[in-house]
Amino acid sequence: MAKESRVRKTFLNMRINMITYFVAIVISFFTRKVFLDQLGAEFMGLTTTVNSLLGFLNLAELGVAASIAYFLYKPLYDDDQDKINETISIMGYLYRLIGSFILAAGVVFSFFLPLVFKATSFAWGIIYLVFYGQLFCSMLGYFINYKANTIFAADQRQYLVNGYFQLTQFSAMILQAVLAYYTRSFVIYMVVMIAFAIVNSLILNWKFDKCYPWVVASVQRGKEALKHRPEIMLYVKRVFIHQIGRYVNSSAMPIIVYGYASLTMVTLYSNYTLLNTKVSNLVYSALSGTEASVGNLIAEGDRKKIFDCYKELYSIKFFVVAFLSICLVHLNSDFIAVWLGTEYVLPAVLVLLICSDFFLNLVRNTTDQFLNGFGLKADIWVPICRVISLAFIICAGLRWGLVGILTVPVVVQLTLMHIWKPYYLFRSGMRLPFGKYWKLLLVNLLPFVIAYGVSAMISRQLGFGEELTTTWRSFLLKAISFSIPLFLIALFLAWQFCEGIRMFGDRMTKRWKVRRK
């Protein structure tokens, strides 16, 4: 029964989240053009940079959400309501402290904004509105939304969080775009964002109360219970250090780019990362239910089922991410040129580095899921190395500019996240020879090496070379001529050589037959 429920919830997550994110992607691309035309590249760069600065403050979150989710898998699996209430009360207590600290730190940090944005042309009222508006939205997660966000995710109902968030998000974006077109007002843009964050919070908590009326978070109970649960703080401390490494790889990059260039260059960079982020969010949302599934599966303790699940998830995600990454490398600049204009196109080497980082970030997700499921967080030296890599990023920026800034994270990711992390998982979690991972990697990689060479040749033969497309028609033809052969050839080869792909195919076939009956 538990297994059937887990599989059902996983597919429900995939189906609902795919729909909501597809709509959100379409709306994001439409509204981004309006925002750039009506509000300007510098304002969009300002919002991106402020978001990254707040990401630094949010490091104080310490990874509490990820830690609490780990400690909820077993109680949810056992339906232990008292343990669930105790654990979520601990989270409420910790989030009360952390949220208060971040709010105070944000107020103090705001005094230094004139030093950070001294080269901008915006009035200080606009800069402070952007900063405090985003800070307010962040506070909702610490004081209001934490119960729903955490339990929905741990109980494989992440589609509810993503669904309601995306519904309010793209409603806000449409309204922002319409008002920006007619008013070009930075103030109205921010007011709409804040208003819809409040609406999302109200809807999410209303749904949570309907699904889990018995969940009661008591800050006082959490404070007392934490004294008897030292394992939670130990795990939080380990996760916190890993959170620092994740921040270095994501949120810090726009700040560094701004330090070497301008808010306008941040916008050019973020246009590409916007595409990649929307695609990665689509992948994450489609497979988000597998996070809790892995935690519940590991709680059962069947080692063979755990490794079979890893192979299947790894192959599925590798196929999807490799296909999307190759398409992004090949078509990203063409899309930007048609969508926003050739003045927003970056050099090919920068596009390759941005997409490489995108690929490495997503492919590691399966290994991260299983490390989280096993609770393997003792390798705190890894995020420390990623923090140290900031010095190399800065030095590379001084020597080679943006090429150097974007190259270092790729090298660091390859070394730490795609060699050490799988080794750590197979040695301490799976308890299997590391050679099994290399075999899994190679059989998933080779089909795409072959498929890329063949599909690129087919596209060139059809008249689509390296030159940028200038119309939507030519872009669509180029995309079709490249992506369809890539997909079909890679799928054929993957089916022949990748056991995980065949396992997923068999699972889908059986599910389809059951539904037909």
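None of these values were measured; they are calculated from a predicted model. (Residues numbered from 1 in each chain as written. Predicted model: local features only at pLDDT ≥ 70, side-chain atom pairs only at ≥ 80, totals over all residues. Heavy atoms only, no water.)

Trainee: Explain the overall build of the chain to me, and be specific about the residues and the numbers.
Mentor: Scanning the chain for helices and strands turns up 22 helices and zero strands. Sequence-distant contacts in the chain: of pairs separated by 6 or more residues, those separated by 24 or more amount to 84%. Of the roughly 23,300 Å² of accessible surface on the chain, 67% is carried by carbon and sulfur atoms. (Helix = DSSP H or I, 4+ residues; strand = E, 2+ residues; numbered from the N terminus. Contact = heavy atoms within 4.5 Å. Areas by Shrake-Rupley, 256 points an atom, 1.4 Å probe, with all protein chains shown as cover.)

Trainee: An account of the packing of helix α17 (residues 365-374) against helix α19 (residues 402-430) is needed here, citing residue identities and associated values.
Mentor: Contact geometry of α17 with α19 gives a least axis separation of 10 Å together with a crossing angle of 35 degrees. The interaxial crossing formed by α17 with α19 has left-handed handedness. Counting all contacts with α17, which are made through Thr367, Phe370, Leu371 and Phe374, the residues of α19 involved are Lys421, Pro422, Tyr424, Leu425, Gly429 and Met430. A breakdown of the residues in the contact of α17 with α19 according to their chemical character gives seven nonpolar, two polar and one charged. (Axes fitted to C-alpha atoms, helices over the stretch in contact; angles between N-to-C directions. Left-handed = near helix turned anticlockwise from the far one by under 90°. Nonpolar A, V, L, I, M, F, W, Y, C, P; charged D, E, K, R; others polar.)

Trainee: Residues and numbers for the side chain of asparagine 332, please.
Mentor: Relative to the helices and strands, asparagine 332 is located in helix α15 (residues 303-339). Using a relative accessible area of 2% as the deciding quantity, one classes asparagine 332 as buried. Those residues in contact with asparagine 332 that sit more than four places away from it in its chain are Tyr272, Leu275, Asn276, Cys327, Val351 and Cys355. (Buried < 20%, exposed > 50% of the residue type's maximum accessible area, 1.4 Å probe, protein only.)

Trainee: Can you explain the nonpolar core? Please cite residues and give values.
Mentor: Counting 129 residues, the largest nonpolar core has Phe43, Tyr310, Phe370 and Phe448 as the members making the most contacts within it. Among all residues touching phenylalanine 448, those that are not within four sequence positions of it are Phe318, Phe319, Ala322, Phe323, Ile326, Leu486 and Ala490. (Core = buried A, V, L, I, M, F, W, Y, C linked by side-chain atoms within 4.5 Å.)

Trainee: Before we move on, can you summarise the packing of aromatic side chains with the specific residues and values?
Mentor: A complete count under the given rule lists 35 aromatic pairs for this structure. Each ring, one from phenylalanine 208 and one from tyrosine 212, has its centre 5.3 Å from the other, and the planes form 35 degrees; the classification is tilted. Among the residues examined, phenylalanine 208 registers a relative accessible area of 0% and is labelled buried. Taking relative accessible area as the criterion, tyrosine 212 reaches 4% and is therefore assigned buried. Judged by centre distance (6.0 Å) and plane angle (80 degrees), the ring pair of tyrosine 212 and tryptophan 214 falls under edge-to-face. Its relative accessible area of 26% is what places tryptophan 214 among the partly exposed residues. (Phe/Tyr/Trp six-rings, centres within 6.5 Å; stacked < 30°, edge-to-face > 60°.)

Trainee: Describe the pattern of salt bridges, with residues and values.
Mentor: What the rule picks out here adds up to ten salt bridges. Here arginine 221 ties to aspartate 82 by a salt bridge, and the two come within 3.0 Å at their closest N and O atoms. On the criterion of sequence distance, the pair formed by arginine 221 in helix α10 (residues 219-226) and aspartate 82 in helix α4 (residues 81-110) is long-range, its members being 139 residues apart. For arginine 221, a relative accessible area of 29% corresponds to the partly exposed category. As a salt-bridge pair, lysine 478 and aspartate 334 come within 3.2 Å of each other at their nearest N and O atoms. With a gap of 144 residues between them, lysine 478 in helix α21 (residues 472-497) and aspartate 334 in helix α15 connect regions that are remote in the sequence. (Salt bridge = Lys/Arg side-chain N within 4 Å of Asp/Glu carboxyl O.)

Trainee: Describe in detail the packing of α15 against helix α16 (residues 348-363), supporting the description with residues and values.
Mentor: Running from N to C, α15 and α16 point in directions that differ by 170 degrees, and their axes come no closer than 9 Å. One way to sum up the angle between α15 and α16 is to call them roughly antiparallel. Judged by the twist between their axes, the crossing of α15 over α16 is right-handed. For the pair α15 and α16, the contacting residues are Tyr314, Phe318, Val321, Ala322, Ser325, Leu328, Val329, Asn332 and Ser333 in the first and Val351, Leu352, Cys355, Phe358, Phe359, Leu362 and Val363 in the second. (Parallel < 35°, antiparallel > 145°, perpendicular 65-115°, else oblique.)

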